[in-house]
Amino acid sequence: MYKILVVEDDEIISREIVSFLKTWGYEARRVTHFDKVIETWMEYGPELVLMDISLPYKNGFYWTEKIRSYSKVPIIFISSANDNMNIVMAIARGADDFIAKPFDLQVLVAKIQAILRRTYDLSGKTDFLVHHDVQFSMNDNVVTYQGESVELTKNEGKIMRLLMEKKETIVSREELMEYLWKTDCYVDENALSVNVNRVRKKLASIGIENLIQTRKGIGYMIA
């Protein structure tokens, strides 16, 4: 089930869109705090964003640029400000399409289906995990934080993935070693410590400090 985030400050319109999308089998959520659009997007992890231009605090162009600094998730603008300049600006900021208000909800769904099909059916569904401002792309093992990115090796990516999937839960050293190596051969426990420390150093290089915490004698966790 694809998740869609609706960034629209007209409550009647946003509720109508969310309700209609759900009848088509999509999961949908409205942004309710327009000073926390990025936080909501990161926490929800949608596969597509519907973005209005005129919003409280910051406009849709601003939020689109912020999202683009983290992700290539498809963004469709929905706005009554449909003059050529706004359309050009939306596309220039990274939008994938522009639908002028008022619009038919059937047309909106058709546009959404086309973009989702083009984005995910052909290239494979993009998966990422998010914790606060930290985003981890499981497709390419890239960690992004406040516009900065670092690539992890295969094993480093496995460590990041398991800890992010079980965030706020202690993951034992034994579980991590089994997940990493899955072998009957003996693996020195120091190998795990070395790999975890490499992940920490790479995270520190983009300003992420103390994300992976050690629980002495037990394992690791992301708190």
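Here's what I pulled together on the structure shown here. The shown structure was predicted, so the numbers you read here are calculated from the model rather than taken from an experiment. (Residues numbered from 1 in each chain as written. Predicted model: local features only at pLDDT ≥ 70, side-chain atom pairs only at ≥ 80, totals over all residues. Heavy atoms only, no water.)

1. Description of the sheet that holds strand β10 (residues 171–172)
An order of β10-β12-β11 is seen for the three strands of this open sheet, with the pairing classed as antiparallel. The open sheet has two edge strands, β10 and β11 (212–215), and neither has a second partner. Here β10 pairs with strand β12 (residues 219–222) via two bridges, running antiparallel. Its bridge partner lying in β12, V171 is registered against Y220. On the sheet, helix α6 (residues 154–165) packs against β10, β11 and β12 and is oriented at approximately 65 degrees with respect to β12. (Pairing = 2+ DSSP bridges. Helix = DSSP H or I, 4+ residues; strand = E, 2+ residues; numbered from the N terminus. Contact = heavy atoms within 4.5 Å. Axes fitted to C-alpha atoms, helices over the stretch in contact; angles between N-to-C directions.)

2. Topic: the pattern of salt bridges
This model, assessed by the stated rule, comprises 10 salt bridges. A salt bridge links K101 to D52; the shortest N-O distance between them is 3.4 Å. Of this pair, K101 sits in the loop between β5 (97–100) and α5 (105–121) while D52 sits in the loop between β3 (48–51) and α3 (60–68), and the two are 49 residues apart along the sequence. Residue classification places K101 among the buried residues on the basis of a relative accessible area of 18%. For D96, the salt bridge goes to R68, with nearest N and O atoms at 3.1 Å. Placement of the pair is D96 in the loop between α4 (84–93) and β5 and R68 in helix α3, with a sequence separation of 28 residues. (Salt bridge = Lys/Arg side-chain N within 4 Å of Asp/Glu carboxyl O. Buried < 20%, exposed > 50% of the residue type's maximum accessible area, 1.4 Å probe, protein only.)

3. Digging into the nonpolar core
Within the largest apolar cluster, 45 residues are counted, with the highest numbers of intra-cluster contacts made by L50 and I112. No other element matches α5, which puts seven residues into this core. The residues touching I112, leaving out its near neighbours within four places in the chain, are I4, L21, Y26, L48, L50 and I76. Formed by 27 residues, the second largest nonpolar core is a distinct cluster that contains F136, V143, L152 and L192. (Core = buried A, V, L, I, M, F, W, Y, C linked by side-chain atoms within 4.5 Å.)

4. Some words on the packing of aromatic side chains
Enumeration over the complete set of coordinates arrives at four aromatic pairs. Summarising the aromatic geometry, the rings of Y62 and W63 are spaced 4.9 Å apart at their centres and angled 80 degrees between planes, so their arrangement reads as edge-to-face. For W63, a relative accessible area of 6% gives the class buried. Members of the aromatic cluster, joined through ring pairs, are F61, F77 and F98. Seen from the ring of Y62, K58 lies directly overhead, with NZ or CZ sitting 5.0 Å from the centre. The lysine or arginine in question, R93, covers the ring of F61, its NZ or CZ lying 5.6 Å from the ring centre. (Phe/Tyr/Trp six-rings, centres within 6.5 Å; stacked < 30°, edge-to-face > 60°. Lys NZ or Arg CZ within 6 Å of the ring centre and 35° of its normal.)

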